[in-house]
Amino acid sequence: IPGGGTAFVRCVKSLDDIKPADDDELAGLNIVRRSLEEPLRLIALTGRSGAGKDSVAATLVRHRNYRTIAFADALRAEIAAAWRIDPRMLQDPATKEWDIPALAVGQCGDTHFIAQHQQTGLAEPRSPRWVMQRWADYMKLRHGQAHYAETVMRWLRRQVGTGWTRLVVTDLRF
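Residues numbered from 1 in each chain as written. Predicted model: local features only at pLDDT ≥ 70, side-chain atom pairs only at ≥ 80, totals over all residues. Heavy atoms only, no water.

Novice: Go over the pattern of salt bridges with me, naming the residues and quoting the values.
Specialist: All chains considered together, the criterion is met by five salt bridges. A salt bridge links aspartate 16 to arginine 33; the shortest N-O distance between them is 3.2 Å. Linking aspartate 16 in the loop between helix H1 (6–15) and helix H2 (23–37) with arginine 33 in helix H2, this pair joins segments that are 17 residues apart in sequence. Between arginine 76 and aspartate 73 there is a salt bridge whose closest N-O contact spans 2.8 Å. Placement of the pair is arginine 76 and aspartate 73 together in helix H4 (residues 71–83), with a separation of three residues, close to one helical turn. (Salt bridge = Lys/Arg side-chain N within 4 Å of Asp/Glu carboxyl O. Helix = DSSP H or I, 4+ residues; strand = E, 2+ residues; numbered from the N terminus.)

Right, here's the structure in full:
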């Protein structure tokens, strides 16, 4: 819910004025405090391209010790492995539309993907956007529509399991 945690967070400060009478009241107060802060432990950002999601996430990382993940992180990692390229080739917004020879279908190490797309020309340079769209569709057909959501959930669980409690998903998709 956009802004749904703001009211809770504002209430936390008022708890500072409460003086618990004993350890039981202190424990109860701490439970309430943690419950009110919970919406800030996992933040998911959504919005149009260029809306500032990555800037918000960078601020949270720099000033509030958050860790970030994007649905596109797994996608870029899969493509980088399949094409044996540096994933940074897929990140620069300025070059997302550029046709790059290293991203030709024939350069992919996944023979099933090549077979599915050979009619488009194996040697034709492809843009990062073209490859990312086709690869995501291909992986969702192979592993189910929730493939990337499940990947993000596994990452979130791993982070929580290692003690991280402040996490941001920078490109929530629904």
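That shown, we press on.
Novice: Quick one: what's the story with the environment of arginine 10, residue by residue and with numbers?
Specialist: As for its position among the elements, arginine 10 is in helix H1. Relative accessible area serves as the criterion here: at 66%, arginine 10 is assigned to the exposed category. Separated by 33 residues in the primary sequence, arginine 10 and isoleucine 43 place their C-alpha atoms 17 Å from one another. (Buried < 20%, exposed > 50% of the residue type's maximum accessible area, 1.4 Å probe, protein only.)

Novice: Lay out the side chain of arginine 126 with the relevant residues and their values.
Specialist: Inspection of the secondary structure puts arginine 126 in the loop between helix H5 (111–117) and helix H6 (128–143). Of the buried charged residues, arginine 126 lacks a salt bridge, with glutamate 124 as the closest side chain of opposite charge at 5.2 Å. A distance of 2.6 Å separates the side chain of arginine 126 from the backbone oxygen of threonine 120, its partner in a polar contact. Apart from the residues within four sequence positions on either side, arginine 126 is in contact with Trp98, Asp99, Ile100, Leu103, Ala104, Thr120, Gly121 and Val131. (Lys, Arg positive; Asp, Glu negative; His and termini not counted. Polar contact = N/O pair within 3.5 Å; in protein donor to acceptor, adjacent residues only side chain to side chain. Contact = heavy atoms within 4.5 Å.)

Novice: Give a description of the packing of H4 against helix H7 (residues 147–161) that names residues and reports values.
Specialist: With their axes 9 Å apart at the nearest point, H4 and H7 run at an angle of 105 degrees to one another. Taken together, the axis directions place H4 and H7 in an arrangement best described as roughly perpendicular. Mapping the contact onto sequence places Phe71, Ala74, Leu75 and Glu78 in H4 and His147, Tyr148, Ala149, Thr151 and Val152 in H7. When grouped by side-chain class, the residues that make up the contact of H4 with H7 number six nonpolar, two polar and one charged. (Axes fitted to C-alpha atoms, helices over the stretch in contact; angles between N-to-C directions. Parallel < 35°, antiparallel > 145°, perpendicular 65-115°, else oblique. Nonpolar A, V, L, I, M, F, W, Y, C, P; charged D, E, K, R; others polar.)

Novice: Break down the sheet that holds strand E2 (residues 67–69) for me, with residues and values.
Specialist: Consider a sheet: its strands pair through backbone hydrogen bonds, and that pairing is either parallel or antiparallel. The three strands lie next to each other as E1-E3-E2, forming an open sheet whose pairing is parallel. Looking at which strands have only one partner, the edges of the open sheet turn out to be strand E1 (42–44) and E2. Averaged over all adjacent pairs, the angle separating strand axes in this sheet is 20 degrees, with direction ignored. Direction of pairing for E2 relative to strand E3 (residues 167–169): parallel, over a ladder of three bridges. Paired with isoleucine 69 across the bridge in E3 is valine 169. (Pairing = 2+ DSSP bridges.)

Novice: Explain the environment of glutamine 116 residue by residue, including any values.
Specialist: Summarising the element assignment, glutamine 116 is placed in helix H5. Residue class for glutamine 116 comes out partly exposed when judged on its relative accessible area of 40%. In the structure, glutamine 116 is positioned eleven residues away from valine 105 in sequence and 9.7 Å away in space, judged by C-alpha atoms.

Novice: Explain the confidence of the model for the chain to me, and be specific about the residues and the numbers.
Specialist: Detailed conclusions should not be drawn from predicted coordinates in areas where pLDDT is low. Per-residue confidence for the chain gives a mean pLDDT of 87, with 91% of residues at or over 70. Across the chain, the secondary-structure element scoring lowest on mean pLDDT is H1, at 74, and the one scoring highest is H6, at 96. (pLDDT = per-residue confidence, 0-100.)

Novice: Now, about the nonpolar core: what can you tell me, with residues and values included?
Specialist: Side chains of a nonpolar character, in soluble globular proteins, are inclined to be buried together. Counting 30 residues, the largest nonpolar core has Ile79, Trp83, Trp135 and Tyr148 as its most contacted members. Of all the secondary structure elements, the ones that give two or more residues to this core are H4, H5, H6, H7 and E3. Broken down by element, the residue count for this core peaks at eight residues, all from H4. Excluding residues within four positions of it along the chain, tyrosine 148 makes contact with Phe71, Ala74, Leu75, Glu78, Trp135, Ala136, Met139 and Lys140. (Core = buried A, V, L, I, M, F, W, Y, C linked by side-chain atoms within 4.5 Å.)

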